[in-house]
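Coordinate analysis (summary)
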Amino acid sequence: LFLVGSRAAYLLCFVPSLLALAGGLLPGVLAPVLPFIMIGNVLLVLSVDKFYSLYADGNKGFWYGVGAGALLKFGFLRLGLALVLPSFLNAPVLAKAAHMLAWPQLATAATGGLIAWGFLKWLKRI
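Residues Leu-3, Val-4, Leu-12, Val-15, Leu-19, Phe-119, Trp-122 and Leu-123 make up a contiguous nonpolar surface patch of about 790 Å² in total accessible area. The set of elements that each furnish at least two residues to the nonpolar patch consists of helix H2 (15-22) and helix H6 (103-123). Ranked by residue count, the leading element in the nonpolar patch is H6, at three residues. Mapped onto the elements, Leu-123 comes out in helix H6.

What follows is the structure, encoded as structure tokens:
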């Protein structure tokens, strides 16, 4: 977002999920989960973008955006699991998807924000 702009950042939200599927990190049977992860990534980037622009203190805006975005992503994934995915996945696969989409996604969003903050500080972009 801070290096390539919002338009390119939104497009990049799709890359990690596609690479995880193509590289075998995400089993093919869980492919119906990908749109939820991708949209969750967009929510995270959108949140950081909006909060950062709202606050004069860039650090505060960045961290509010990361926090809100990580929670939005987590909530969206949980909602998708509860409402939509049972139509596509059987119970054992759904349980595995629930494990992959729950806390690990929240943790990786927060950790990614921490890494991004350190990198952006080093580059003097925030």
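What follows concerns unusual backbone geometry. Even without being glycine, Lys-124 reaches a positive phi, approximately 60°. In this fold, Lys-124 is placed in the segment after H6.

If you check H6, its first and last C-alpha atoms are 30 Å apart, about what 21 residues at 1.5 Å a residue would give, namely 30 Å. Of the residues making up H6, those classed as buried are Gln-105, Leu-106, Ala-109, Gly-113 and Leu-120. Axial view of H6: buried residues confined to an arc of 100°, hence all on one face. When the buried face of H6 is taken as reference, the exposed residues oriented beyond 90 degrees from it are Trp-103, Leu-114, Ile-115 and Trp-122. Phi for Lys-124, located one or two positions after H6, is positive at around 60°.

Among the nonpolar cores identified, the biggest contains 15 residues, and Leu-30, Val-33, Leu-85, Leu-89, Ala-97 and Leu-101 are the most heavily contacted of them. It is helix H3 (residues 34-54) that contributes the most residues to this core, four residues altogether. When neighbours within four sequence positions are excluded, Val-33 is seen to be in contact with Leu-85, Leu-89, Ala-97 and Leu-101.

Cut-offs used in this document
- Residues numbered from 1 in each chain as written.
- Predicted model: local features only at pLDDT ≥ 70, side-chain atom pairs only at ≥ 80, totals over all residues.
- Heavy atoms only, no water.
- Patch = residues over 30% accessible without salt bridge, like charges linked within 9 Å, V, L, I, M, F, W, Y side chains within 5 Å.
- Areas by Shrake-Rupley, 256 points an atom, 1.4 Å probe, with all protein chains shown as cover.
- Salt bridge = Lys/Arg side-chain N within 4 Å of Asp/Glu carboxyl O.
- Helix = DSSP H or I, 4+ residues; strand = E, 2+ residues; numbered from the N terminus.
- Expected span 1.5 Å × (residues − 1).
- Buried < 20%, exposed > 50% of the residue type's maximum accessible area, 1.4 Å probe, protein only.
- Arc of directions from axis to C-beta.
- Core = buried A, V, L, I, M, F, W, Y, C linked by side-chain atoms within 4.5 Å.
- Contact = heavy atoms within 4.5 Å.

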